[in-house]
Amino acid sequence: MTAAFVLGINMSVAGIFAVAFAVVAATNRTSRGARWLALGYGMGIIYVGLEFLLTRQVDPTPVGIGIFLVFLIALSFALIGVAYHYRTTPPWIAMAAIWVVTILGVPAIFSLTYGSALRLTLYQLPYFAMQALLGLVILRSGRRQALDLLLIALQVLAAIIYVAKPFIAATVGTASAPQGYMATTYAAISQSGSVVTLMAIGLVLLLVMMRDTTAEMVARSETDPLSSVLNRRGFEHHAEQAFLRGGTAVLIAADLDDFKKINDSFGHAAGDGVIAHFAAMLVDAAPAGAIVGRVGGEEFAVLLPEALLSDGRLYAETVRTAFASARLPVLGVDRQFTASFGVAQRTASDSLFELSRRADAALYRAKAGGRNQVRVALGELPPVHAVGVA
């Protein structure tokens, strides 16, 4: 298999992935990373084109420098794209340092004898550094799912290939001039390694983006846009998952008092603001692992896994006191609001429905008792007719 044939494959692969990432960017406007990856793979097409052009040059140095820098640009774009996708800041200072050293080193690199071990080593070092940075960005993002670990491993492999190229050239030999590069066994081996890593990294990146896009869609479908906590569907799903893990749990049912009067007196925008503020208080006071959801218009539920009844009551009292003492002039409503709470602890045989029913019964008692209070469900409580206690 000749290097020219492999380079043709490289160009096709780069084009396919450039289009693929461009489509991802076009269909998902928030995917900044995909745009940069499309640019990176697009630069790969230019790189291959310059490799073919090199064979026809009388003076190969200008095109050779172009090849050298264009491929580094491609890696830089890929690094920026991966950083943006992983919600981290691109390592601008480290990238700038690599570029400064590379530009300053160009005269020295291209003045060395073509094919010499020193020239090959210096030529590959910027690529090695940029590829290593790419793997480090993913590692520092904190994501440790299987695809993320695979992507890190591929970055390490690609970096190793750059370091290994001078040794490969020393073993199989290379051309005496740049124009003869494509006719060598070294070129075929080098480009074959590139196409394999190019395809593997591109495929895994696409899978990572598909995974993350799917997760974002699921999160949006389970999130209440007004309060930014889980909606009923999301709350029930995550609560059921917590139940499957077993252990103790406490459910707090909460309801804003006289909410209809708020809407009637101050308007629905003010009512929405009160809901958002109350939801934020529930989240801020919740311990790690708590599941907070808006399960109705002004109704909320909070599940505290690995908690006891006393923990749930303390949490509810903390939120109740803070909410009752807060004033929200920013909403155009310069008055105080209250909420009522019902707390129930899960028993070994409880389903989510049964636990919710007990917490709701306690909540109704808080409403019937005058509102702005916390009631606890101790075992089964008889039903209460909550007429006129909304």
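Up top you'll find the structure we're talking about.
In short, a report on the structure. Remember, it's a predicted structure, so these values are computed and weren't measured experimentally.

A word on the overall build of the chain. A count of helices and strands for the chain gives 12 helices and 5 strands. A globule of 390 residues ought to have a C-alpha radius of gyration of about 21 Å, yet the chain, at 31 Å, is considerably larger. Counting only C-alpha atoms and orienting by the principal axes, one finds that the chain spans roughly 95 × 45 × 30 Å. When the 390 residues of the chain are sorted by exposure, 46% land in the buried category. Sequence separation of 24 or more characterises 69% of the internal contacts of the chain that already satisfy a separation of 6 or more. Across the chain, 29 positive and 25 negative side-chain charges occur, with their mean positions spaced 5 Å apart.

Here the focus is unusual backbone geometry. Of note, the phi angle at glutamate 306 is positive, near 55 degrees, even though the residue is not glycine. If you trace the backbone, glutamate 306 turns up in the loop between β3 (299-305) and α11 (309-325). Glutamate 306 sits in the exposed class, given a relative accessible area of 60%. Its identity is not glycine, yet asparagine 372 carries a phi of approximately 50 degrees, on the positive side. Taking the relative accessible area as the measure of exposure, asparagine 372 reaches 25% and is therefore partly exposed.

So, on to the sheet that holds strand β1 (residues 249-256). With mixed pairing, 5 strands are arranged side by side in an open sheet as β2-β3-β1-β4-β5. At either margin of the open sheet sits one strand with a lone partner, and together these are β2 (291-294) and β5 (374-377). On average, each strand axis in the sheet is inclined to that of its neighbour by 15 degrees, with strand direction left out of account. Each of β1, β2, β3 and β4 (339-345) touches helix α10 (residues 268-285); the most contacted strand, β3, lies at about 10 degrees to it.

Our focus in this paragraph is the packing of aromatic side chains. One pair of aromatic rings is described through two measures. These are the centre distance and the angle between the planes. Tallying each qualifying case throughout the model produces 17 aromatic pairs. Centroid distance phenylalanine 71 to tyrosine 127: 4.9 Å. Interplanar angle 80 degrees. Geometry classified as edge-to-face. With phenylalanine 71 in helix α3 (residues 61-85) and tyrosine 127 in helix α5 (residues 117-140), this residue pair connects regions lying 56 residues apart in the sequence. With respect to class, phenylalanine 71 is no different from tyrosine 127; both count as buried. A connected cluster of aromatic rings, assembled from ring pairs, spans Tyr47, Phe68, Phe71, Phe110, Tyr123, Tyr127 and Tyr162. The lysine or arginine in question, arginine 32, covers the ring of tyrosine 84, its NZ or CZ lying 3.9 Å from the ring centre.

Glancing now at the packing of helix α2 (residues 32-54) against helix α7 (residues 185-221). Taken N-terminus to C-terminus, the directions of α2 and α7 make an angle of 165 degrees; their axes are 12 Å apart at the nearest point. By the criterion of interaxial angle, the relationship of α2 to α7 is roughly antiparallel. For the crossing formed where α2 meets α7, the hand is left-handed. Listed contacts from α7 to Gly33, Ala34, Leu37, Tyr41, Tyr47 and Glu51 of α2 are Gln191, Leu198, Ile201, Gly202, Leu205 and Met209. Split by residue class, the contact of α2 with α7 holds 8 nonpolar, 3 polar and 1 charged.

Criteria and cut-off values
- Residues numbered from 1 in each chain as written.
- Predicted model: local features only at pLDDT ≥ 70, side-chain atom pairs only at ≥ 80, totals over all residues.
- Heavy atoms only, no water.
- Helix = DSSP H or I, 4+ residues; strand = E, 2+ residues; numbered from the N terminus.
- Rg over C-alpha atoms; globule rule 2.2 N^0.38 Å.
- Buried < 20%, exposed > 50% of the residue type's maximum accessible area, 1.4 Å probe, protein only.
- Contact = heavy atoms within 4.5 Å.
- Lys, Arg positive; Asp, Glu negative; His and termini not counted.
- Charge placed at Lys NZ, Arg CZ, Asp CG, Glu CD.
- Pairing = 2+ DSSP bridges.
- Axes fitted to C-alpha atoms, helices over the stretch in contact; angles between N-to-C directions.
- Phe/Tyr/Trp six-rings, centres within 6.5 Å; stacked < 30°, edge-to-face > 60°.
- Lys NZ or Arg CZ within 6 Å of the ring centre and 35° of its normal.
- Parallel < 35°, antiparallel > 145°, perpendicular 65-115°, else oblique.
- Left-handed = near helix turned anticlockwise from the far one by under 90°.
- Nonpolar A, V, L, I, M, F, W, Y, C, P; charged D, E, K, R; others polar.

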